[in-house]
Every structure is written in C-alpha cells, then in structure tokens.
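Commentary on secondary and tertiary structure
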Amino acid sequence: MSKISGIRQYIRQLALALAGAWLIVLAAAAPAPAFDTSLDDELLLLVNGKHTLPADYQPNDLVDTAGRAPSKKGVMQLRAAAAEAYVQMMADYKAETGGKVYSISGFRTYAYQSRLFNSKLASRRNSGLSYGSAYKATVMYTALPGASEHQTGLAIDLSTGSVLSESFRNTGAGKWLMANCWDYGFILRYDEAKTDLTAISYEPWHYRYVGLPHSLIIRDNNWVYEEYISYLQENGSIEYADPEQAGCVYRIYRTDDITDEYPGIVSVSSDNMGGYIITTHIDRLDDILTAWAEQAVRGGLIFFGHGALLNVF
Ligand SMILES: [Zn+2]
C-alpha cells in the first residue's frame, strides 16, 4: 500500500466516523412528538367554584380503600393512584406513631354533593338564618355540586374520631399529615391564610392528591393549588430538581396548544381550565447534548452544504 493510499484510507475512515457521529447528532436533535392527549390522567384537575365538573363526570378507576386503611364508612372510594398513596401514607403513620386516622369522606357523586349541600343549607336555615346568610355560610364549607374536589375521587377527609373538626390541626395526626402528606403526593388543599384564594374555609381535614413532584413544588412554594396553576398559566413552566436522581429535573409545562412538543414526558393531565399540564423528566446531560446537537445542526447545515467533502475520496 502506497503512502498516499494509506493516508486516503485513514481520511476515509475518519469521514465515515464523522458521518456516523453526525447521524447520532441528527437523532438527538430530532423533534419530540407532540404530546398525546389520550394520555390525559386527569390527576391535576383544578376544581373549585369557578372551575366546576359536569354532572356526569365520574372517574373510571375508583377503588375501595375501606378495608386497607381505617375508615368510618363501609366504602371509601378514591382513584387508584390516590388510593395507593393514601393507604401507604396511613400505613407509615401507624408504623411511626401507632396512631389511627379515619377516613370520613372520599369520592362523592354530583348527585350526592347536591343532596349534601341542600341538607347543610336547610339545617342552617332551620337554625334561623336568612336564605342569603345560610347560603353564604354553607358555600364556605360545602362546595356546590360540580365544585367539589370529592367528585374527582382525589380528595379525602380525615379525622381522629367520627366527625370533621378544626381541632384536628392540633392532634398528633393532624400535625403529622401537615408535615408529611407532601411526600405521598397529597396537599393540604384549604389553607388557613389563603381562604381569599380558595373561597373555602380552612379545612385541616381535607387532603387532595396531585402526585409527585407537584405536591413537593406546592409545599416548597407555600402555595395553594390555585396559586400553582396560576403560576404555570402565567409563566408557562416550572422546573424542580429531582430529589431522587442527581442531575435530573422535572419540568412542568402548561399549554392549551395540543400540537406542542415536549421531550421526556412522564404524564399529561387536563387542568379543567381548557389547558393541559405536561410533566416531563429530563436528565440535565441529555438537555445539554440536545441543545448542543440543535446548535450543531444549524451550524452543520452550512458545513455540509459543501457536501463535496465526503466525495473527495
Ligand atoms: Zn373534603
């Protein structure tokens, strides 16, 4: 083999290696597919007096937790994801403290909420309040049908006895839940200092499942759910370092454009406000490589515009 052909072969191999690397770069820079709305798990619905559920809304993955965690009712339904997290939370509470917390109310149908509201309203009227005053007082504690989180199957009311009480906050159970619920994907939904935002009185007994990492983001920002959704609506996204995996982050987006594309989708949920919340999980290194590859593609188009390079040999 002549010296020249040896060099030629070396350069040819180098060119092939470059072409191979180029394919990897192109693959890394390929756009992620638009998110799939059929993945909608409806775990992040915002439900309140302004954003209500239709009368026929009923989740299709309700499971009974009554036999798996202490309950004051024979049946205590929650959606599957919320049920698993709740049963685990109660098991851990019992293991740590030896105490018991009872579930009082889980999933409720629209019709049940309607009867509940009317009966609470009637009893306030019977105690002598005018219709207006009775209505105002009732709506602060009992949501109107369609406006109750209990219809989502993601909310649970808890007590150390058989009734719901504000004094629950001072019990060991109330304090433990307030400190630990977040780690299980639950949030304390109706904060004492934020009744102007929630339009519901302080309810130390009402916990709402939103899942991880959302509960941790809400805890760390000292938000109620309305504030989290507002933040996403105004800013488009939020980032949260994965506490379990160094170098990884969750990036949560809110959008009403279903053609948007996102890398690393973990879950998709409609927000009951006409938008979707997209939860993604990204390795920082992939993130950097993707950004680099995109830049390389832009720069490389010029480079490979002179494509004759590979044909020289
Ligand atoms: Zn409740």
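A look at the sheet that holds strand β9 (residues 265-270)
Judged by pairing direction, the sheet is antiparallel, and its four strands sit side by side in the order β7-β8-β10-β9 without closing on themselves. Only two strands of the sheet have a single partner each, and these edge strands are β7 (237-241) and β9. Strand-to-strand twist in this sheet, taken as the mean axis angle between neighbours without regard to direction, amounts to 15°. In terms of strand pairing, strand β8 (residues 248-255) meets strand β10 (residues 276-283) through eight bridges, oriented antiparallel. Across the sheet, the residue bridging to Thr 255 is Tyr 276, located in β10. Along the sheet face, helix α8 (residues 225-235) touches β7, β8 and β10 and points at about 115° away from the line of β7.

Quick notes on the pattern of salt bridges
Summed over the entire model, instances satisfying the criterion amount to 13 salt bridges. Of the charged contacts, one joins Arg 108 and Asp 157 as a salt bridge, the two residues approaching to 3.3 Å between their closest N and O atoms. One end of the pair, Arg 108, is in the loop between β3 (102-105) and α3 (110-126); the other, Asp 157, is in strand β4 (residues 155-159), and 49 residues separate them in sequence. What makes Arg 108 buried here is its relative accessible area of 11%. By relative accessible area, Asp 157 is classed as buried at 2%. Ionic contacts of the salt-bridge type, sharing partners, join the residues Glu 149, Arg 189, Arg 208 and Glu 226 into one network.

A look at the pairing of β4
In terms of residue burial, β4 counts as a mostly covered element, since five of its five residues are buried. Of the two faces of β4, the one carrying Ala 155, Asp 157 and Ser 159 and the one carrying Ile 156 and Leu 158 are both buried. The sheet contact formed by β3 and β4 spans three bridges and is antiparallel. Each residue of the ladder has a partner; that of Ser 105, found in β4, is Asp 157. In this structure, β4 lies alongside strand β6 (residues 206-209), joined through three bridges in antiparallel fashion. Directly across from Asp 157, in β6, lies its bridge partner His 206.

Regarding the packing of aromatic side chains
Taken as a whole and judged by the stated rule, the model has 11 aromatic pairs. The interplanar angle of 40° and the centroid separation of 6.2 Å between the aromatic rings of Trp 176 and Tyr 184 together place this pair among those described as tilted. Across the pair, exposure class does not vary: Trp 176 and Tyr 184 are buried alike. Here the aromatic cluster, defined as three or more aromatic residues joined through ring pairs, consists of Phe 35, Tyr 253, Tyr 262 and Tyr 276. The ring of Tyr 102 has Lys 72 sitting right over it, with the charged end atom 4.1 Å from the ring centre.

About the thresholds
Residues numbered from 1 in each chain as written. Predicted model: local features only at pLDDT ≥ 70, side-chain atom pairs only at ≥ 80, totals over all residues. Heavy atoms only, no water. Pairing = 2+ DSSP bridges. Helix = DSSP H or I, 4+ residues; strand = E, 2+ residues; numbered from the N terminus. Axes fitted to C-alpha atoms, helices over the stretch in contact; angles between N-to-C directions. Contact = heavy atoms within 4.5 Å. Salt bridge = Lys/Arg side-chain N within 4 Å of Asp/Glu carboxyl O. Buried < 20%, exposed > 50% of the residue type's maximum accessible area, 1.4 Å probe, protein only. Phe/Tyr/Trp six-rings, centres within 6.5 Å; stacked < 30°, edge-to-face > 60°. Lys NZ or Arg CZ within 6 Å of the ring centre and 35° of its normal.

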